[in-house]
Amino acid sequence: MEIQFQQQKSVIPVSKGSKFKGRNKKINKVNKFVGVRQRPSGKWVAEIKDTTKNIRMWLGTFDTAEDAARAYDEAACLLRGSNTRTNFVTHVSFDSPLASRIRNLLNTKKEAKQQTVLASAPAPAPAVVLLLAAVVVIAAEA
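So, here's what we can say about the structure. (Residues numbered from 1 in each chain as written. Predicted model: local features only at pLDDT ≥ 70, side-chain atom pairs only at ≥ 80, totals over all residues. Heavy atoms only, no water.)

**What about the sheet that holds strand S1 (residues 36-38)?**
Pairing in this open sheet of three strands is antiparallel, and the strands run S1-S2-S3 from one edge to the other. Strands with a single pairing partner mark the edges of an open sheet, and in this sheet they are S1 and strand S3 (55-62). Pairwise comparison of adjacent strand axes, ignoring direction, gives a mean angle of 25° for this sheet. Here S1 runs beside strand S2 (residues 44-50); their pairing, made up of three bridges, is antiparallel. For arginine 37, the partnering residue across the bridge sits in S2 and is valine 45. Those strands touched by helix H1 (residues 65-80) are S1, S2 and S3, and its axis lies near 15° from that of S2. (Pairing = 2+ DSSP bridges. Helix = DSSP H or I, 4+ residues; strand = E, 2+ residues; numbered from the N terminus. Axes fitted to C-alpha atoms, helices over the stretch in contact; angles between N-to-C directions. Contact = heavy atoms within 4.5 Å.)

Following this line, the structure appears as structure tokens:
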């Protein structure tokens, strides 16, 4: 008695596309600027993120992609310096309203960080305080 096996070719369906639905939609309008995206309404928005300083700043909504890109360029130069990647050749004014917004944001981040460091510092133990008081009293008597 002879047993024969048939080999079956298994077909695994492969989906073409992203595993995240809705993320791979292509819009006819092409965005060629850094830090700029287009809303479904057609308006252009700009924002900048700096992961080293843990900052995300909303720069605003604009009618054109070029205006949004200029806002991004100014913010990038103010946050990262003049050697950063920009969309256009940029000359930044340090007296602009955007410059003052970025300075205020950096200052509030810095103050918040200092307050959390001070709040998390342990209070001195009572024995240490008594020991220091005793040293001061002995030094005063001598």
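**Considering the packing of aromatic side chains**
Tallied over the entire structure, the rule returns one aromatic pair. Ring centres 5.5 Å apart and planes at 50° place the aromatic pair phenylalanine 33 and phenylalanine 88 in the tilted group. Of the two residues, phenylalanine 33 is situated in the segment before S1 and phenylalanine 88 in the loop between H1 and helix H2 (97-120); the sequence distance between them amounts to 55 residues. For phenylalanine 33, a relative accessible area of 13% gives the class buried. (Phe/Tyr/Trp six-rings, centres within 6.5 Å; stacked < 30°, edge-to-face > 60°. Buried < 20%, exposed > 50% of the residue type's maximum accessible area, 1.4 Å probe, protein only.)

**Brief notes about H1**
Helical geometry: 3.6 residues make up each α-helical turn, so side chains three or four residues apart lie on a common side. Here H1 contains 16 residues, and its C-alpha end-to-end distance of 22 Å stays within 8% of the 22 Å for a straight helix at 1.5 Å per residue. Burial runs high along H1: twelve of the 16 residues are buried. Within H1 the residues assigned to the buried category are Ala65, Ala68, Ala69, Ala71, Tyr72, Asp73, Glu74, Ala75, Ala76, Cys77, Leu78 and Leu79. In this structure, the buried residues of H1 make contact with S1, S2, S3 and H2. (Expected span 1.5 Å × (residues − 1).)

**So, the pairing of S2**
S2 sits mainly inside the fold: six of its seven residues count as buried. Here S1 hands over to S2 after five residues, with glycine 42 in that stretch at a positive phi of 100°. Bridge count between S2 and S3: seven bridges; the pairing is antiparallel. Note on S3: the bridge partner recorded for valine 45 is threonine 61. From the end of S2 to the start of S3, which pair antiparallel, there are four residues, and asparagine 54 there has a positive phi angle of about 55°.

**Overview of the environment of arginine 37**
Here arginine 37 is to be found in strand S1. Put simply, arginine 37 and alanine 69 are 32 residues apart on the chain and 9.5 Å apart in space, counted from C-alpha to C-alpha. Sequence-distant contacts of arginine 37, defined by excluding residues within four places in its chain, comprise Asn31, Lys43, Trp44, Val45, Glu47 and Trp58.

**What to know about the packing of H1 against H2**
At a closest axis distance of 10 Å, the pairing of H1 and H2 adopts a crossing angle of 45°. Here H2 runs oblique to H1, going by the angle between their axes. The two elements H1 and H2 cross, and the hand of that crossing is right-handed. Residues Ala71, Glu74, Ala75, Leu78 and Leu79 of H1 lie in contact with H2, whose contacting residues are Leu98, Ala99, Ile102 and Leu106. Taken together, the residues of the contact of H1 with H2 break down into eight nonpolar, no polar and one charged. (Parallel < 35°, antiparallel > 145°, perpendicular 65-115°, else oblique. Left-handed = near helix turned anticlockwise from the far one by under 90°. Nonpolar A, V, L, I, M, F, W, Y, C, P; charged D, E, K, R; others polar.)

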